[in-house]
Amino acid sequence: MSKIVSSKDNLQILHEDNHIIVVNKRVGDIVQGDKTGDKPLSDIVKEYIKEKYNKPGEVFLGVVHRLDRPTTGIVIFAKTSKALTRLNEMFSKRETQKTYWAVVKNKPSKPEDVLIHFLKRNEKNNTSKAHNKEVPESKKASLDYTTLKTLDHYFALEINLHTGRHHQIRAQLAAIGCPIKGDLKYGFDRSNPDGGIHLHARKLVFTHPVSKDTIQVIAPTPKDAIWNSI
């Protein structure tokens with residue numbers, strides 16, 4: 001399902017049924033409310049549901065997972081408590097398949113590889129550092145990547161996550177000398193004009209929490225010259 005099911009007030013809905021709603025997050029959206037006080041994506045989705053179905057009172061919406069603010073792509077929300085409980089279990093057990101696209105400036109030393117690091121989070125500056133060996137308070141992180149396409153000045157990678165660590169893709173790619181385009185926090189030399197980074201949650205495959213059908217969702221990339229060339 002690669003096309004947008006509907007789009008309202010810049011809310012791109014990729015899949016919706018009675019139990020779940022999947023949206024394509026934009027650069028700058030926060031998934032859940034935080035200390036910034038900015039309006040989160042969860043509130044925008046709640047307003048959409050309330051208006052579409054003319055729901056009285058408070059709308060139930062469960063946040064299953066998050067994406068970093070400068071990242072784009074697939075975010076799934078639960079519309080029922082039953083779906084939320086089952087999705088939480090699926091995500092915690094890594095029973096979903098997540099595929100990301102990233103654009104990096106430097107060519108990886110190998111066209112495809114499995115990266116294993118130990119990530120240690122720094123709460124003060126909200127970063128994670130990738131270490132080659134286990135260090136105190138670190139967590140093992142694993143992903144695999146393949147080179148999707150060689151662009152004019154960049155390289156597009158397709159990434160499959162094996163673990164779900166804080167800033168995992170950003171930190172692990174930076175550790176091999178391939179920081180993501182626009183990602184100043186992890187060593188890229190300049191920011192993107194929109195403040196985002198070229199990291200996109202492209203595909204999600206999971207078992208529907210109620211019907212048990214296999215659901216595959218693909219999120220269109222943002223519209224810019226680099227994404228458009230992939």
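Refer to the structure presented above.
Residues numbered from 1 in each chain as written. Predicted model: local features only at pLDDT ≥ 70, side-chain atom pairs only at ≥ 80, totals over all residues. Heavy atoms only, no water.

> Honestly, the overall build of the chain in this entry has me stumped. Any pointers?
When helices and strands are tallied, the chain shows four helices and 12 strands. Taking 2.2 N^0.38 as the reference for a compact globule, 230 residues should give roughly 17 Å; the C-alpha atoms of the chain span a radius of gyration of 18 Å, in line with that estimate. With respect to the three principal axes, the spread of C-alpha positions in the chain is 55 × 40 × 35 Å. When burial is assessed residue by residue, the chain has 46% of its 230 residues classed as buried. (Helix = DSSP H or I, 4+ residues; strand = E, 2+ residues; numbered from the N terminus. Rg over C-alpha atoms; globule rule 2.2 N^0.38 Å. Buried < 20%, exposed > 50% of the residue type's maximum accessible area, 1.4 Å probe, protein only.)

> Could you clarify how one ought to interpret the side chain of Ser138 in this entry?
In this structure, Ser138 sits in the loop between β8 (127-131) and β9 (139-150). On the basis of relative accessibility, which here comes to 13%, the residue Ser138 falls in the buried class. Ignoring anything within four residues of it in the chain, the contact list for Ser138 reads Phe118, Leu119 and Lys120. (Contact = heavy atoms within 4.5 Å.)

> How should I be thinking about unusual backbone geometry in this particular structure?
Note: most peptide bonds trans; most residues except glycine with negative phi. Not every positive phi belongs to a glycine, and Arg94 is a case in point at roughly 60°. Among the structural elements, Arg94 can be located in the loop between α2 (81-92) and β6 (97-104). Look at Glu137: it is not a glycine, yet its phi comes out positive at around 65°. With respect to the secondary-structure elements, Glu137 resides in the loop between β8 and β9. With a relative accessible area of 71%, Glu137 lands in the exposed category.

> Sorry if this is basic, but what is going on with the packing of aromatic side chains here?
Between two aromatic rings, the relevant description is the distance of the centres plus the angle of the planes. Inspection of the entire model under this criterion finds zero aromatic pairs. The cationic tip of Arg202 hangs over the ring face of Trp101; the distance from NZ or CZ to the ring centre is 4.2 Å. (Phe/Tyr/Trp six-rings, centres within 6.5 Å; stacked < 30°, edge-to-face > 60°. Lys NZ or Arg CZ within 6 Å of the ring centre and 35° of its normal.)

> I keep staring at the pattern of salt bridges and nothing clicks. Help me out?
Any two side chains of opposite charge can pair, given that their charged atoms come close. For the structure shown, the criterion picks out 13 salt bridges. The salt bridge partner of Lys105 is Asp189, with a shortest N-O separation of 3.4 Å. Within this pair, whereas Lys105 is found in the loop between β6 and β7 (112-122), its partner Asp189 is found in the loop between α3 (168-175) and β11 (199-207), the two being separated by 84 residues in sequence. Salt-bridge contacts for Lys110 lead to Asp113; the nearest nitrogen and oxygen are separated by 3.8 Å. Its relative accessible area of 44% is what places Lys110 among the partly exposed residues. On the basis of relative accessibility, which here comes to 25%, the residue Asp113 falls in the partly exposed class. Members of the salt-bridge network, linked through shared partners, are Glu16, Lys52 and Lys79. (Salt bridge = Lys/Arg side-chain N within 4 Å of Asp/Glu carboxyl O.)

> Before we go on, may I ask you to explain helix α1 (residues 41-52) in this structure?
When the terminal C-alpha atoms of α1 are compared, their 16 Å separation across 12 residues agrees well with the 16 Å that a helix rising 1.5 Å per residue should span. For α1, the full list of buried residues reads Leu41, Ser42, Ile44, Val45, Tyr48 and Ile49. Across the axial projection of α1, the buried residues extend over an arc of 160°, all falling on one side. One or two residues past the end of α1 sits Asn54, with phi positive at roughly 50°. (Expected span 1.5 Å × (residues − 1). Arc of directions from axis to C-beta.)

> What's the story with the environment of Ile20 in this structure? I'm lost.
Position of Ile20 relative to the elements: it lies in strand β3 (residues 20-25). Take Ile20: its relative accessible area is 0%, and that puts it in the buried class. Ignoring sequence-local partners within four residues, the contact set of Ile20 consists of His15, Ile76, Phe77, Lys79, Ala83, Leu87, Phe206, His208 and Pro209.

Keep in mind these values describe shape, not function.
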